[in-house]
Amino acid sequence: GGGGGGGGEVEIKKNGNENRGSGGSEAPKVAAAEKEEQDKGVGGEVKDCGAWPVSKLKEFLQERGEDLRGVAEKQELVERTRLKLEQEAKAPQGFVWDPHSGYYFSQSKQLYFDPVSAYYYNGSEWIKEIPP
């Protein structure tokens with residue numbers, strides 16, 4: 001017999017590199033963050049979030065400040081997630097999502113980045129390019 005495992009995790013090996021994350025559920029937050037990095041892909045290409053379970057779609061969007069009241073269809077969650085992933089793919093390297101500001105932030109550069117306008121905020125003004 002097969003058996004083993006448990007924990008409710010179902011492994012889908014569609015693209016070959018889908019499930020590199022943790023093997024268990026001892027650190028779900030870390031595993032989710034690693035999975036998001038993988039899903040973002042190399043060069044900012046957006047992976048298919050349509051295969052994600054509804055719980056992951058909701059968690060992903062809520063972590064980014066999305067209000068999901070009234071959202072009943074998985075397809076709407078997928079579309080919103082795809083939009084967020086496309087925005088995140090535009091964020092420069094080293095910038096991470098800051099839920100408090102609603103922008104991407106670089107600790108080393110002390111700049112915020114808005115993927116919609118592609119402008120940076122230095123604490124006093126919005127600028128088009130990162131200063132040297």
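None of these values were measured; they are calculated from a predicted model.

Caption draft 1: Geometry of the nonpolar core. Counting residues in hydrophobic clusters, the biggest one holds 10 residues: Cys49, Trp52, Leu57, Phe60, Leu61, Leu68, Val71, Leu77, Val78 and Leu85. Core analysis: the next-biggest nonpolar cluster, separate from the first, contains eight residues, Phe95, Leu111, Tyr120 and Ile127 among them.

Caption draft 2: Molecular detail of the pattern of salt bridges. For the coordinates displayed, the defined rule picks out seven salt bridges. The salt bridge partner of Glu66 is Arg80, with a shortest N-O separation of 3.2 Å. One end of the pair, Glu66, is in the loop between α2 (54-63) and α3 (74-90); the other, Arg80, is in helix α3, with 14 residues separating them in the sequence. The class of Glu66 is partly exposed, set by a relative accessible area of 24%. A residue is classified by how much of its surface remains accessible, and Arg80, at 23% relative accessible area, is partly exposed. Measuring nitrogen to oxygen at the nearest pair gives 3.5 Å for the salt bridge that ties Glu66 to Lys84. Residue Glu66 is found in the loop between α2 and α3, and its partner Lys84 is found in helix α3; the two are separated by 18 residues along the sequence. When salt bridges with common partners are traced through the structure, they connect Glu66, Glu76, Arg80 and Lys84 into a single cluster.

Caption draft 3: Focus on α3. Taking 1.5 Å of rise per residue, 17 residues should cover 24 Å, and α3 covers 25 Å from first to last C-alpha, within 8% of that figure. All of the buried residues along α3 are Leu77, Val78, Thr81, Lys84, Leu85, Gln87 and Glu88.

Caption draft 4: Focus on the sheet that holds strand β3 (residues 111-114). Here five strands make up an open sheet; going across it, the order is β1-β2-β3-β4-β5 and the pairing antiparallel. The open sheet terminates on both sides in strands that have one partner only, identified here as β1 (96-98) and β5 (126-127). Pairing analysis gives three bridges linking β3 to strand β4 (residues 119-121), with the strands arranged antiparallel. When the bridges of β4 are listed, Asp114 appears paired with Tyr119.

Caption draft 5: Quick peek at the pairing of β3. Examined bridge by bridge, strand β2 (residues 103-106) and β3 share three bridges and lie antiparallel to one another. Paired with Phe105 across the strands is Tyr112, a residue of β3. Here β2 folds back onto β3, and the loop between the two strands holds four residues, one of which, Gln110, carries a positive phi near 55°. Hairpin connection between β3 and β4: a loop of four residues separates the two successive antiparallel strands, and Ala118 in this loop has a positive phi of roughly 65°.

Caption draft 6: Representation of the packing of aromatic side chains. Per the counting criterion, the structure on display carries eight aromatic pairs. A centroid spacing of 5.7 Å and a plane angle of 55° characterise the contact between Phe95 and Tyr120, whose relative ring orientation is tilted. Remark: Tyr120 occurs in strand β4 and Phe95 occurs in the loop between α3 and β1; sequence separation between them is 25 residues. The burial state of Phe95 is the same as that of Tyr120; both residues are buried.

What counts and how
Every chain is numbered on its own, with residues counted from 1 as its sequence reads. Given that the model is predicted, a residue must reach a pLDDT of at least 70 before its local features are reported, and side-chain atom pairs must reach 80 or more before they are shown or counted; all residues, however, enter totals for whole chains, interfaces and linings. Excluding hydrogens and water, the side-chain figures rest on all heavy atoms present in the structure. Nonpolar cores were defined as sets of buried Ala, Val, Leu, Ile, Met, Phe, Trp, Tyr and Cys residues, with membership established by side-chain atoms within 4.5 Å. Exposed residues in this analysis have more than 50% of their type's maximum accessible area, buried residues have under 20%, and partly exposed residues fall in between, with area computed by a 1.4 Å probe over protein chains only. By definition, a salt bridge exists where a carboxyl oxygen of Asp or Glu is found within 4 Å of a side-chain nitrogen of Lys or Arg. Secondary structure elements are taken from DSSP: a helix is a run of H or I of four residues or more, a strand is a run of E of two residues or more, and numbering for both begins at the N terminus. Given the number of residues in a helix, its expected span is that number minus one, multiplied by 1.5 Å. Pairing between strands is defined by DSSP: at least two bridges between them are needed. Pairing of aromatic side chains requires ring centres within 6.5 Å, counting the rings of Phe and Tyr and the six-membered ring of Trp. Pairs whose planes differ by under 30 degrees are stacked, by over 60 edge-to-face, and all others tilted.

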